[in-house]
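Each chain, letter by letter, is given below.
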Amino acid sequence: MSRLRLGFGLPVSGSWARPANLVRIARRAEELGYESLWTFQRLLHPAEGDWGPMYRAVQDPIVTLAHVAAVTEHARLGIAVVNAPFYSPIVLAKQLATLDELSGGRLDAGLGLGWAEEEFVAAGVDPARRGARTEEFIACLKAIWTEEVVSFDGEFYRMPAARVDPKPVQRPHPPLLLGGTAERALRRVGRIADGWISSSRHDLRTVGADLELMRGAARDAGRDPDRLRFIIRGVPRLTNEPAGADRQPLHGDAGQIREDFDRLAERGVTELFLDANFDPEVGSPEADPAESMRRAEHLLAAFAPRP
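Before going into details, it helps to say that this report is about the structure given with it. (Residues numbered from 1 in each chain as written. Predicted model: local features only at pLDDT ≥ 70, side-chain atom pairs only at ≥ 80, totals over all residues. Heavy atoms only, no water.)

Further remarks concern the overall build of the chain. A tally of regular secondary structure across the chain gives nine helices and 12 strands. In summary, the chain has a C-alpha radius of gyration of 19 Å against a globular reference of 19 Å for 307 residues, a match within 12%. C-alpha extents for the chain along the principal axes are approximately 60 × 40 × 40 Å. Expressed as a percentage of its 307 residues, the buried residues of the chain come to 54%. Here the contacts in the chain between residues at least 6 apart in sequence split such that 69% fall between residues at least 24 apart. With an accessible surface of roughly 14,000 Å², the chain has 48% of that area assigned to carbon and sulfur atoms. Treating the 39 positive side-chain charges of the chain as one cloud and the 44 negative ones as another, the clouds have centres 3 Å apart. (Helix = DSSP H or I, 4+ residues; strand = E, 2+ residues; numbered from the N terminus. Rg over C-alpha atoms; globule rule 2.2 N^0.38 Å. Buried < 20%, exposed > 50% of the residue type's maximum accessible area, 1.4 Å probe, protein only. Contact = heavy atoms within 4.5 Å. Areas by Shrake-Rupley, 256 points an atom, 1.4 Å probe, with all protein chains shown as cover. Lys, Arg positive; Asp, Glu negative; His and termini not counted. Charge placed at Lys NZ, Arg CZ, Asp CG, Glu CD.)

With 13 residues, helix H8 (residues 254–266) extends 19 Å between its outermost C-alpha atoms, agreeing within 8% with the 18 Å of an ideal straight helix rising 1.5 Å per residue. When we look at burial in H8, the residues that qualify are Gln256, Ile257, Arg258, Asp260, Phe261, Leu264 and Ala265. In this fold, the buried residues of H8 make contact with strand E1 (5–9), helix H7 (207–220), strand E10 (237–238), strand E11 (251–252), strand E12 (271–274) and helix H9 (289–302). Looking one or two residues beyond H8, the residue adopting positive phi is Gly268, at roughly 110 degrees. (Expected span 1.5 Å × (residues − 1).)

Along the chain, the position of Asn21 falls in helix H1 (residues 19–32). On the basis of relative accessibility, which here comes to 12%, the residue Asn21 falls in the buried class. Looking at Asn21, its side chain comes within polar contact range of the main-chain oxygen of Trp16, at 3.0 Å. For Asn21, the contacting residues outside a window of four places in its chain are Pro11, Trp16 and Met293. (Polar contact = N/O pair within 3.5 Å; in protein donor to acceptor, adjacent residues only side chain to side chain.)

At a minimum axis distance of 9 Å, the contact between helix H3 (residues 89–102) and helix H5 (residues 130–146) shows a crossing angle of 50 degrees. The angle between the axes of H3 and H5 places the two elements in the oblique class. Two packed elements cross with a definite hand, and for H3 against H5 that hand is right-handed. Taking contact as the criterion, the partners of Pro89, Ile90, Leu92, Ala93, Leu96 and Ala97 in H3 are, on H5, Phe137, Cys140, Leu141, Ile144 and Trp145. (Axes fitted to C-alpha atoms, helices over the stretch in contact; angles between N-to-C directions. Parallel < 35°, antiparallel > 145°, perpendicular 65-115°, else oblique. Left-handed = near helix turned anticlockwise from the far one by under 90°.)

Below, the discussion takes up the pattern of salt bridges. Summed over the entire model, instances satisfying the criterion amount to 26 salt bridges. A salt bridge links Glu259 to Arg263; the shortest N-O distance between them is 3.8 Å. Note that Glu259 and Arg263 are positioned in helix H8 at a spacing of four residues, about one turn of the helix. Judged by its relative accessible area of 41%, Glu259 falls in the partly exposed class. Given the relative accessible area of 35%, Arg263 is considered partly exposed. In this structure, Arg263 engages Asp260 in a salt bridge whose closest nitrogen and oxygen atoms are separated by 2.9 Å. With Arg263 and Asp260 both in helix H8 and three residues apart, the pair spans about one turn of that helix. (Salt bridge = Lys/Arg side-chain N within 4 Å of Asp/Glu carboxyl O.)

Another aspect to go through is the pairing of strand E5 (residues 150–153). Residue alternation in E5 divides its side chains into a buried set, Val150 and Phe152, and an unburied set, Ser151 and Asp153. One ladder, built from three bridges, connects E5 with strand E6 (residues 158–162); its direction is antiparallel. By the bridge assignment for E6, Asp153 is matched with Arg158. The hairpin formed by E5 and E6 contains four residues between the paired strands. (Pairing = 2+ DSSP bridges.)

Right, let's talk about the sheet that holds E1 for a bit. Pairing is parallel around the closed barrel formed by eight strands, whose spatial order is E1-E2-E3-E4-E7-E8-E9-E12. Averaged over all pairs of adjacent strands, the angle between strand axes in this sheet comes to 25 degrees, irrespective of strand direction. Relative to strand E7 (residues 176–178), strand E4 (residues 107–112) is paired through three bridges, and the arrangement is parallel. If you follow Leu111 over to E7, its bridge partner there is Leu178. Across the sheet, helix H2 (residues 61–69) lies against strand E2 (36–39) and strand E3 (76–83), angled at about 170 degrees from E3, the strand it touches most.

With that settled, the discussion passes to the nonpolar core. Ranked by size, the top nonpolar core spans 85 residues in total, and within it Phe8, Leu10, Tyr34, Leu37, Trp196, Phe261 and Leu272 carry the most contacts. No other element matches H5, which puts seven residues into this core. Residues Trp38, Val81, Ile197 and Ile231 belong to the second largest nonpolar core, which totals seven residues. (Core = buried A, V, L, I, M, F, W, Y, C linked by side-chain atoms within 4.5 Å.)

If you want it as structure tokens, here you go:
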């Protein structure tokens, strides 16, 4: 069984998302041996309706990681995810290449398609055919990062012949990871991406079948499925006493949750990051920031990676 690599979600949502807390969590996670630090994107929250407290006030993921790059040394810096349709390839390519250079080649770039109608309206983008648009976006992004003289002429995006420098530190480019839960999205991971990032609500009981679907799509595309990374965003519910037999994965005492880590690794998951932002008692604008930090630091200590 391969070792499950552990990461931690940075404070980017709600009242605990403050500069001092960001630095404190990032440095403490690195000290404890966590191998990656993660952010996510949410552009807005509708005035009518409720997407959940974790989405009501969210910092920009790229700017946040640039700040963290300056105060850490070893941990990889992951975006889980930014939605490609909200950008042009040249703008995002430049931002991410700069972040990769500032971090010394530590960037993991997660991309999504987007799901919120309000965000598409605000970004001035038509959500129709966003899957095809994102595939072309990725092809253009790779061209910008790898070709000395870039020229791209697609259905959605065009690049006049140009030099776009500097290139990312990581070659041929930073790992491109895709989100998504639908079968079409999972097959897309196997065909064109370096790995997959689950949503916070993904059913971890079916993850083995999901991973095999992506691995099969990679084989069908003539790619090596063993090179794919499978990353779970875990939202633990840590209790003092063991939970009952009907508990959900990552719910229970520390021993039960560590057993879940082992089961995920057995099913082929390569990485997992704990994301306290999706705990409504942490990632809400109305949560007490001191209590949010206490809960997050308790998680950090409870699941510090073993040597």
